[in-house]
Amino acid sequence: MHRLGLGEFEISILSDGTYPLDGGAFFGVIPKVMWSRKVQPDERNYVAAGLNSLLVRTGRENVLIETGMGNKLSERMIKFYGQPAKLLDAFSNAGVSPDDIDVVINTHLHFDHCGWNTTRDRSGNIVPTFPRAKYYAPQGEWQYARQPSERDSISYISENYDPLVASGQMTLLQGGEEIAPGISVRTFPGHTAHMQAVVVQSGGKTACYISDLIPTTAHIDLTWGMGFDLYPLQTVESKKQYYARSIPENWLTVFTHDPSVPWAHVERDNAGKLVAPAV
Ligand SMILES: [Zn+2]
């Protein structure tokens, strides 16, 4: 289990499991001869992607960043992605109950980032998985999700967020807000137009849940974006802006889809190449 102290806070990774993604889609325009040196595909060209949520215990509040893929996928989606649905097991292994969560933050609303926001009760009604929590998500993302493009409409499942917006349990964010002391959001366009990273700061230390801007340690290079990115040139620009602060200030970067290395300090080696040495 990945857990460490960050100033006065304690942060831990809670995983919803891993799922298969097409290696070509995961690495966009990067040739397979290059990406397969970092990640081994299976015989169908699939690679394993993680579903890492970050739990921040500030001492006053328990904040959960991202809620994985959940357990409400359609049969058709399950054929492609499986449905590991391990997040609640990770909660009990960590000695945390869904009732303990005060705040849930979604960086964007793709199905593999907000799936456990809600679940179905015995009668089939959609209910919040974290009943006491205040939920937050980017407003622009929610507006886009109401009428997504043909290209990415499969990624948006209304049951993950619309019931929470309708009941007032989810607050929509502009970007830049401080949600709890030391926990704020910042918009990094590229993967989607309105995706927000979550910056966690305590005692002079900073961690950043960078979400799909840098999904794994294999994606740290500026040009190694995903085929899923809607605005690939903005991904490059956003990564530059992120590193301009994260590297000199030694931020801990949290990788949403890395199945084995959920966080690292991204830095430049002597040759100027970006590297993510193990913590
Ligand atoms: Zn996404």
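Refer to the structure presented above.
Cut-offs used in this document
- Residues numbered from 1 in each chain as written.
- Predicted model: local features only at pLDDT ≥ 70, side-chain atom pairs only at ≥ 80, totals over all residues.
- Heavy atoms only, no water.
- Phe/Tyr/Trp six-rings, centres within 6.5 Å; stacked < 30°, edge-to-face > 60°.
- Helix = DSSP H or I, 4+ residues; strand = E, 2+ residues; numbered from the N terminus.
- Buried < 20%, exposed > 50% of the residue type's maximum accessible area, 1.4 Å probe, protein only.
- Lys NZ or Arg CZ within 6 Å of the ring centre and 35° of its normal.
- Salt bridge = Lys/Arg side-chain N within 4 Å of Asp/Glu carboxyl O.

(A) Structural detail: the packing of aromatic side chains. Counted under the stated rule, the structure contains 11 aromatic pairs. Between Phe188 and Tyr242, the aromatic rings sit 5.9 Å apart at their centres with planes inclined by 85°, giving edge-to-face as the arrangement. With Phe188 in the loop between strand S11 (183-187) and strand S12 (196-202) and Tyr242 in helix H7 (residues 232-246), this pair connects stretches of sequence that are 54 residues apart. Overall, the relative accessible area of 2% leaves Phe188 in the buried class. The exposure class of Tyr242 is buried, given its relative accessible area of 0%. Through pairs of rings, three or more aromatic residues link up here, namely Tyr19, Phe80, Tyr81 and Phe111. Sitting over the ring of Trp224, Lys38 keeps its end group 4.2 Å from the ring centre. Above the plane of the ring of Tyr46 lies Arg44, whose end atom (NZ or CZ) is 4.2 Å from the centre.

(B) Representation of the pattern of salt bridges. For the structure shown, the criterion picks out 7 salt bridges. In this structure, Asp42 and Arg44 form a salt bridge, with 3.9 Å as the shortest nitrogen-oxygen distance. Note on Arg44: relative accessible area 51%, which makes it exposed. Among the ionic pairs, Arg120 bridges to Glu159, the shortest N-O distance being 3.3 Å. Placement of Arg120 in strand S6 (residues 118-120) and of Glu159 in the loop between helix H5 (139-146) and helix H6 (162-167) is noted, with a sequence separation of 39 residues between them. Looking at Arg120, the relative accessible area reads 42%, which means it is partly exposed. In this structure Glu159 comes out as partly exposed when scored by relative accessible area, which is 27%. Connected through shared salt-bridge partners, Arg3, Glu10 and Arg57 make up one network.

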